[in-house]
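# Summary of the model geometry
This is what each chain is made of:
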Amino acid sequence: MKLRALGKRLASAVREFIAPTYRPELHYMRGPGPAFERRAIMVEARSARPMLRGERK
């Protein structure tokens, strides 16, 4: 049983070396992401603050 498991691990390692299963397109984040959205909201809030107080830039 241990020999069979060792053989499977070896075959898997060889296959992974020859044809890797890592597909970068699955891990590539498209678009600016949630951190950008939070920052955009904070920037908008800062620019709106003086207008709420009646101040001018």
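Let me begin by describing the structure that accompanies this report.

About the thresholds
- Residues numbered from 1 in each chain as written.
- Predicted model: local features only at pLDDT ≥ 70, side-chain atom pairs only at ≥ 80, totals over all residues.
- Heavy atoms only, no water.
- Helix = DSSP H or I, 4+ residues; strand = E, 2+ residues; numbered from the N terminus.
- Buried < 20%, exposed > 50% of the residue type's maximum accessible area, 1.4 Å probe, protein only.
- Areas by Shrake-Rupley, 256 points an atom, 1.4 Å probe, with all protein chains shown as cover.
- Patch = residues over 30% accessible without salt bridge, like charges linked within 9 Å, V, L, I, M, F, W, Y side chains within 5 Å.
- Salt bridge = Lys/Arg side-chain N within 4 Å of Asp/Glu carboxyl O.
- Expected span 1.5 Å × (residues − 1).

This part covers the overall build of the protein chain. Summing up its helical and strand segments, the protein chain has 3 helices and 0 strands in all. Going residue by residue from the N terminus, the α and β elements of the protein chain occur as α-α-α. Relative to its full complement of 57 residues, the protein chain shows a buried share of 4%. For the protein chain, the accessible surface area stands at approximately 6000 Å², while carbon and sulfur atoms represent 63% of it.

Moving on to a nonpolar patch on the surface. There is a patch of nonpolar side chains on the surface, built from L10, V14, F17 and I18 and spanning about 490 Å² of accessible area. Following the sequence through the fold, L10 ends up in helix α1 (residues 2-18). Judged by its relative accessible area of 57%, L10 falls in the exposed class.

Attention shifts here to α1. Taking 1.5 Å per residue as the helical rise, α1 with its 17 residues ought to reach 24 Å, and the 24 Å between its terminal C-alpha atoms agrees with that figure. Little of α1 sits out of view: just 0 of its 17 residues are buried.

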